[in-house]
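Letter by letter, the chains look like this.
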Amino acid sequence: MTEPTPRPTRVRVHHLQAAKDRGEKLAMLTAYDAVTARIFDDAGVDMLLVGDSVGNTMLGFGTTLPVTLDHLVVAARAVAGAARRAFVVADLPFGSYEAGPEQALASGVRMMKETGVSAVKIEGGVRVAAQIRALTDAGIPVVAHLGYTPQSEHLLGGPRVQGRGDAADVLQQDAVAVVEAGAVAVVLEMVPAPLAARVTEVVRVPTIGIGAGEGCDGQVLVWVDMAGMTDWSPRFAKRFGEVGAALSSAARAYVDEVRAGTFPDAEHRFDA
């Protein structure tokens with residue numbers, strides 16, 4: 001019987017590649033604060049994504065578009081500071097890299113210097129290859145993001161599956177382009193499972209799927225979807241718990257005891 005591969009004490013780029021080479025699946029979750037980052041890190045999550053989904057999930061925005069670099073720097077600093085093992089990736093938000101390699105490099109340098117994350121993530125294929133190359137040449141690992149890219153949701157017509165029909169070849173070409181530019185991993189979001197599996201075979205770096213089927217090298221979910229924190233979750237997001245219901249129950253119990261005067265009691269007070 002083959003002995004299991006020892007888990008690294010700190011996940012780095014070469015560990016991600018080694019996992020793909022061995023056929024071992026990578027687990028990734030979003031995180032936006034130190035408390036959840038520490039919980040997920042202790043649970044063995046390999047990669048933590050400080051996503052611009054913080055806008056939808058934590059900041060009350062309708063989309064990711066209003067999220068700024070300042071927003072993500074604060075969140076990324078908290079997550080990177082709490083994680084001891086996981087490979088921490090931070091999104092570069094809309095408007096922080098589209099102008100070209102120089103803008104992308106400035107944004108990436110700021111993110112790395114001020115937060116302590118291990119990599120940055122940007123959306124797009126061929127159109128951002130120059131940005132990926134500039135970041136990589138500066139020593140900044142880049143995770144690419146293809147398929148449904150939320151920062152382009154207005155152009156794409158909302159959250160729709162990408163890469164069907166003739167668009168499949170374009171997506172595969174984008175995947176090859178970003179890897180050739182230096183991307184260390186590729187997120188594939190809302191991509192038909194057969195296409196995601198084909199891309200996973202074609203590119204040499206790990207693919208991380210979200211709504212892209214089981215053929216990817218790893219999976220990522222937004223943590224509030226994974227944990228059942230909301231009334232609704234995307235079709236591709238399995239609810240592994242009902243943390244929202246548990247939190248609601250705890251809050252109601254607290255309110256009831258405060259109003260009834262039963263909290264605090266003798267156990268939860270200081271006497272002279």
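Note that the coordinates shown come from a computational prediction; the quantities given were computed from them, not determined experimentally.

Draft legend 1. View of the nonpolar core. One finds Leu48, Met111, Ile132 and Leu188 to be the most contacted residues of the largest nonpolar core, which totals 61 residues. The biggest single contributor to this core is helix α4 (residues 69-82), with 8 residues. If you look at the next biggest cluster of nonpolar residues, it comprises 17 residues, including Met47, Val89, Ala185 and Val187.

Draft legend 2. Examining the pattern of salt bridges more closely. Applying the stated criterion to the full structure yields 10 salt bridges. Residues Arg239 and Glu242 are paired through a salt bridge, measuring 2.9 Å at the closest nitrogen-oxygen approach. Taking relative accessible area as the criterion, Arg239 reaches 28% and is therefore assigned partly exposed. Across the pair Arg269 and Asp271 runs a salt bridge, and its minimum N-O distance is 3.1 Å.

Draft legend 3. Structural view of the packing of aromatic side chains. Using the criterion set out here, one finds 2 aromatic pairs in the structure. For the ring pair Phe40 and Trp223, a centre distance of 5.8 Å and an interplane angle of 65 degrees mean the geometry is edge-to-face. In this pair, Phe40 sits in helix α2 (residues 34-42) while Trp223 sits in helix α10 (residues 223-226), placing the two residues 183 residues apart along the sequence. On the basis of relative accessibility, which here comes to 9%, the residue Phe40 falls in the buried class. A ring pair is formed by Tyr254 and Phe263, whose centres lie 6.2 Å apart and whose planes are at 65 degrees; its orientation type is edge-to-face.

Draft legend 4. Structural context of a negative patch on the surface. A contiguous patch of negative charge, built from Asp256, Glu257, Asp265 and Glu267, is present on the exposed surface. Checked against the element boundaries, Glu257 lands in helix α11 (residues 243-260).

Draft legend 5. The arrangement of the UniProt feature "binding site: 3-methyl-2-oxobutanoate" (unreviewed entry) in the protein in detail. Under the feature "binding site: 3-methyl-2-oxobutanoate" (unreviewed entry), the UniProt entry names Asp52, Ser53, Asp91 and Lys121. Maximum C-alpha separation among the annotated residues is 12.5 Å over a sequence range of 70 residues, consistent with a single clustered spot. By relative accessible area, Ser53 is classed as buried at 14%. Mapped onto the elements, Asp91 comes out in strand β3 (residues 87-91).

Draft legend 6. Summary view of the pairing of strand β8 (residues 218-221). With 4 bridges connecting them, strand β1 (residues 26-30) and β8 associate as parallel partners. Counted as the bridge partner of Leu26 is Gly218 from β8. Where strand β7 (residues 207-210) and β8 come together, 2 bridges link them in parallel fashion. Each residue of the ladder has a partner; that of Ile208, found in β8, is Gly218.

Draft legend 7. A look at the sheet that holds β8. What the 8 strands build is a closed barrel, ordered β1-β2-β3-β4-β5-β6-β7-β8; its pairing is parallel. Going from strand to strand, the sheet's axes swing by 25 degrees on average, the running direction of each strand aside.

Draft legend 8. Just helix α1 (residues 13-22), in detail. Those residues of α1 lying buried are Leu16, Ala19 and Lys20. The buried residues of α1 occupy an angular sector of 100 degrees when projected down its axis, which confines them to one face. Exposed and oriented more than 90 degrees from the buried face of α1 are His14 and Asp21. For α1, the secondary structure elements touched by its buried residues are β1, β2 (47-50), β3 and α9 (193-202). Following α1 by one or two positions, Gly23 has its phi on the positive side, about 80 degrees.

Draft legend 9. Fine view of a nonpolar patch on the surface. There is a patch of nonpolar side chains on the surface, built from Tyr254, Val258 and Phe263 and spanning about 290 Å² of accessible area. Within the secondary structure, Tyr254 sits in helix α11.

Draft legend 10. Broad picture of the UniProt feature "active site" (unreviewed entry) in the protein. In the numbering used here, UniProt assigns the "active site" (unreviewed entry) feature to Glu189. Topologically, Glu189 is positioned in strand β6 (residues 185-189). On the accessibility criterion, Glu189 (10% relative accessible area) is buried. A distance of 2.9 Å separates polar atoms of two side chains, one belonging to Glu189 and the other to His145.

What counts as what
- Residues numbered from 1 in each chain as written.
- Predicted model: local features only at pLDDT ≥ 70, side-chain atom pairs only at ≥ 80, totals over all residues.
- Heavy atoms only, no water.
- Core = buried A, V, L, I, M, F, W, Y, C linked by side-chain atoms within 4.5 Å.
- Buried < 20%, exposed > 50% of the residue type's maximum accessible area, 1.4 Å probe, protein only.
- Helix = DSSP H or I, 4+ residues; strand = E, 2+ residues; numbered from the N terminus.
- Salt bridge = Lys/Arg side-chain N within 4 Å of Asp/Glu carboxyl O.
- Phe/Tyr/Trp six-rings, centres within 6.5 Å; stacked < 30°, edge-to-face > 60°.
- Patch = residues over 30% accessible without salt bridge, like charges linked within 9 Å, V, L, I, M, F, W, Y side chains within 5 Å.
- Areas by Shrake-Rupley, 256 points an atom, 1.4 Å probe, with all protein chains shown as cover.
- Lys, Arg positive; Asp, Glu negative; His and termini not counted.
- Charge placed at Lys NZ, Arg CZ, Asp CG, Glu CD.
- UniProt positions renumbered as here; feature names shortened; annotations may be inferred.
- Pairing = 2+ DSSP bridges.
- Axes fitted to C-alpha atoms, helices over the stretch in contact; angles between N-to-C directions.
- Arc of directions from axis to C-beta.
- Contact = heavy atoms within 4.5 Å.
- Polar contact = N/O pair within 3.5 Å; in protein donor to acceptor, adjacent residues only side chain to side chain.

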